[in-house]
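# Coordinate analysis (summary)
Single-letter residue listing:
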Amino acid sequence: MDIDILKVKRKSLRAAFTVCCNGTSNRIDTETLGNNEVNALYKQLQDKFSRLETSQEEISDLLLRSDELKNTYQEDFSIAEEYRDKFCQICSLLEASQEKTILVQAENISVEKRKCHRHYSTEDYKRKHAHSDFLNQFKENLSVLPDGRFRLYPIGLSSDIEKAFLQLSIIPEHRDSLRFFLPTVKETKIYRYCRVVLGICSPFQLSACIDHLLENPQPVLTM
């Protein structure tokens, strides 16, 4: 294609890209853009720039191939870089606008939570046991939830078993299923796990053992 025709095409694409950049920049300065609006503006900008960049690459190739026009390549390239810089600048503004929107939304949610907390604190001051009375209405349903019973009483207790999984032993008949190799310099050794391996149904096994011990307490050994 003739280079003059490509330059006319590029001129129109540059004009469309400039209008898009100015409009996007103006909206960023004057409006609070949501995520959908930011994504839509970015797609429009990306479409304009990609078509302009394709046209620019065609012109640059023709300039480099022509001995007569090779001297004008550097000037043409410098102007093209200005449009690339403009594209990066507007993209950065869109990203900053999106981050600002997310922060504003998070702050609004936090404010609403604080309002609810202040409202609840006032009501709780007027009626000391309002929360407990409300939960007692659903006592039967709450008792089946993991933390339901914890919420039914004024004092909650939490405990942790130190090295819980290391206290679960594997019976000798099953240890062959947990063999692993330990390569060394001289020879390869085979080891077997004697304790429960974390990740192989270990939470279920720990829970089952605790339930079993609670239902079948063992006598305390005295020295």
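As recorded in an unreviewed UniProt entry, the chain goes by the name Putative RNA-directed DNA polymerase from transposon X-element, listed as coming from Trichonephila inaurata madagascariensis.

### Notes on the overall build of the chain
For the chain, the helix and strand inventory stands at 6 helices and 2 strands. Reading the chain from its N terminus to its C terminus gives the helix and strand order α-α-α-α-α-β-β-α. Per-residue burial for the chain yields a buried fraction of 20% across its 223 residues. Summing over all exposed atoms, the chain offers an accessible surface of approximately 17900 Å²; the carbon and sulfur share of this is 56%.

### Structural notes on the state of the cysteines
Every disulfide links exactly two cysteines, by a covalent bond between their sulfur atoms. As enumerated under the stated definition, the model contains 0 disulfides in all. For the unlinked cysteine Cys88, the closest cysteine sulfur is that of Cys91, found at 6.5 Å. Cys88 gets classed as partly exposed once you look at its relative accessible area, which sits at 47%.

### Let's talk about the layout of surface pockets
In this model, the largest pocket occupies a volume close to 150 Å³. Taken together, Ile161, Ala164, Gln167, Leu168, Leu206, Cys209, Ile210, His212 and Leu213 form the lining of the largest pocket. Each residue belonging to the lining of the largest pocket can be placed in one class, and the counts come to 7 nonpolar, 2 polar and no charged.

### Some remarks on a nonpolar patch on the surface
Residues Ile161, Ile210 and Leu214 make up a contiguous nonpolar surface patch of roughly 270 Å² in combined accessible area. Within the fold, Leu214 resides in helix H6 (residues 202–215). With relative accessibility at 65%, the residue Leu214 sits in the exposed group.

Parameters and conventions
Residues numbered from 1 in each chain as written. Predicted model: local features only at pLDDT ≥ 70, side-chain atom pairs only at ≥ 80, totals over all residues. Heavy atoms only, no water. Helix = DSSP H or I, 4+ residues; strand = E, 2+ residues; numbered from the N terminus. Buried < 20%, exposed > 50% of the residue type's maximum accessible area, 1.4 Å probe, protein only. Areas by Shrake-Rupley, 256 points an atom, 1.4 Å probe, with all protein chains shown as cover. Disulfide = S-S within 2.5 Å. 1 Å grid on protein atoms, 1.4 Å probe; cavity = no way out; pocket = protein on both sides within 12 Å on 5 of 7 lines; lining within 4 Å. Points joined across faces, edges and corners; volume = space filled by probe spheres on them. Nonpolar A, V, L, I, M, F, W, Y, C, P; charged D, E, K, R; others polar. Patch = residues over 30% accessible without salt bridge, like charges linked within 9 Å, V, L, I, M, F, W, Y side chains within 5 Å. Salt bridge = Lys/Arg side-chain N within 4 Å of Asp/Glu carboxyl O.

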